[in-house]
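Examining the three-dimensional arrangement
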Amino acid sequence: QQQVKQSPQSLIVQKGGISIINCAYENTAFDYFPWYQQFPGKGPALLIAIRPDVSEKKEGRFTISFNKSAKQFSLHIMDSQPGDSATYFCAASITGEKLTFGTGTRLTIIP
Amino acid sequence: DVKVTQSSRYLVKRTGEKVFLECVQDMDHENMFWYRQDPGLGLRLIYFSYDVKMKEKGDIPEGYSVSREKKERFSLILESASTNQTSMYLCASSPWPGQGIHFGSGTQLSVL
């Protein structure tokens, strides 16, 4: 079964710090890697996504770093704010096929 | 803005009951999905549909069935609810199978 392994399970970061969440995958055919953000009582929402032809993608304070040779990708949240406190899911898919999700990281930003 | 609407936010059912979870999307998306979300297990795909009256099993289809009679509506059916089906159920839709997925707010189902 295709797998995406996500770590850590939970993360506490001080306000203004950098939050880093990591994911590793096995299937080298994956060609689409999104991150989803979920607030309590809401469904997950697409945050940012990357394809393997680039090593980094940045949108505001959120950056995906992608290491194709290591089969790893990570989400970096710069200048973390209390409003970033949420559960984050990485995912991967082959174009045209279903998404496989990681197990989620509960991020808490403390003042 | 894409809207995926799930009919119930919270649902409490008894073991053995037949349960229907309803989902409607307003963006004319071809693909619709049902996931369940459990702590520590992430989101696991139950069933998906890429067209009206079409369905495909996901990773954990046992104990579930689905129905898609109209493009905008995708129903998840628990034929005989069991306590291990207590979970958060998330419906989603997308224009492509693995991308651009939009989720509803979820239905928290408790089976007693």
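These remarks concern the structure in this document. On a predicted model such as this, the values are computed, not experimentally measured, just so you know.

With 20 residues of chain A in contact, the opposing surface of chain B contributes 19 residues. Across the interface of chain A and chain B, roughly 1,600 Å² is buried in total on both sides, 54% from carbon and sulfur atoms. Where Lys98(A) meets Asp59(B), a salt bridge forms, and the shortest distance between an N and an O atom there is 3.3 Å. Summed over the shared surface of chain A and chain B, the number is four residue pairs in polar contact (both at pLDDT 80 or more). Across the side of chain A that touches chain B, the residue classes break down as six nonpolar, ten polar and four charged.

With that out of the way, let us pick up the side chain of Ser74(A). Residue and element names in this part refer to chain A. Mapped onto the secondary structure, Ser-74 falls in strand β8 (residues 72–77). Among the polar contacts listed, one links the side chain of Ser-74 to the side chain of His-76, at a separation of 3.1 Å. When near neighbours in sequence (up to four residues on either side) are disregarded, Ser-74 contacts Ile-21, Asn-22, Trp-35, Thr-63, Ile-64 and Ser-65.

A few words on the state of the cysteines. All names here are of chain B. According to the stated counting rule, one finds two disulfides over all chains in the structure shown. A sulfur-sulfur distance of 1.9 Å marks the disulfide that ties Cys-23 to Cys-91. Taking the sign of the S-S torsion, about -80° here, the bridge from Cys-23 to Cys-91 comes out left-handed. With Cys-23 in strand β4 (residues 23–25) and Cys-91 in strand β10 (residues 87–94), the pair connects residues that are 68 residues apart, well separated along the chain. Side by side, Cys-23 and Cys-91 carry an identical accessibility label, which is buried.

What follows deals with the pattern of salt bridges. Under the defined criterion, the tally for this structure stands at nine salt bridges over all chains. Among the charged side chains, a salt-bridge network with shared partners connects Asp28(B), Glu30(B) and Lys71(B).

Let us now look at the layout of surface pockets. The volume enclosed by the largest pocket comes to roughly 640 Å³. Along the walls of the largest pocket sit 27 residues, with Gln38(A), Thr87(A), Arg106(A), Gln37(B) and Pro39(B) positioned nearest its centre. At the level of elements, β9 (86–92) and β11 (105–110) of chain A together with β5 (31–38) and β10 of chain B are the ones that each hand at least two residues to the lining of the largest pocket. In terms of residue count, β11(A) provides more of the lining of the largest pocket than any other element does, four residues in total. The residue inventory of the lining of the largest pocket, partitioned by class, reads seven nonpolar, 16 polar and four charged.

Right, let's talk about unusual backbone geometry for a bit. A cis amide bond links Ser7(A) to the next residue, Pro8(A), at an omega of -5°. For Asp79(A), which is not glycine, the phi dihedral falls at a positive 45°. Its relative accessible area of 40% is what places Asp79(A) among the partly exposed residues. Look at Asp28(B): it is not a glycine, yet its phi comes out positive at around 60°. Here Asp28(B) lies in the loop between β4 and β5.

Turning to the sheet that holds strand β1 (residues 4–7) of chain A, a few remarks are in order. The strands that make up a sheet are held in pairs by hydrogen bonds between backbone atoms, and each pair lies either parallel or antiparallel. Residues and elements named next belong to chain A. If you trace the five strands from one edge of the open sheet to the other, you get β1-β3-β8-β7-β6, paired in antiparallel fashion. Every other strand in the sheet has two partners, leaving β1 and β6 (56–59) as the edge strands with one partner each. Averaged over all pairs of adjacent strands, the angle between their axes in this sheet comes to 15°, without regard to strand direction. Where β6 and strand β7 (residues 62–67) come together, four bridges link them in antiparallel fashion. Residue pairing in the sheet places Lys-57 in a bridge with Ile-64 of β7.

Reading the values: the criteria
- Residues numbered from 1 in each chain as written.
- Chains lettered and ligands numbered in written order.
- Predicted model: local features only at pLDDT ≥ 70, side-chain atom pairs only at ≥ 80, totals over all residues.
- Heavy atoms only, no water.
- Contact = heavy atoms within 4.5 Å.
- Buried area = accessible area lost by both parts, 1.4 Å probe.
- Salt bridge = Lys/Arg side-chain N within 4 Å of Asp/Glu carboxyl O.
- Polar contact = N/O pair within 3.5 Å; in protein donor to acceptor, adjacent residues only side chain to side chain.
- Nonpolar A, V, L, I, M, F, W, Y, C, P; charged D, E, K, R; others polar.
- Helix = DSSP H or I, 4+ residues; strand = E, 2+ residues; numbered from the N terminus.
- Disulfide = S-S within 2.5 Å.
- Buried < 20%, exposed > 50% of the residue type's maximum accessible area, 1.4 Å probe, protein only.
- 1 Å grid on protein atoms, 1.4 Å probe; cavity = no way out; pocket = protein on both sides within 12 Å on 5 of 7 lines; lining within 4 Å.
- Points joined across faces, edges and corners; volume = space filled by probe spheres on them.
- Pairing = 2+ DSSP bridges.
- Axes fitted to C-alpha atoms, helices over the stretch in contact; angles between N-to-C directions.

These figures capture arrangement, not role.
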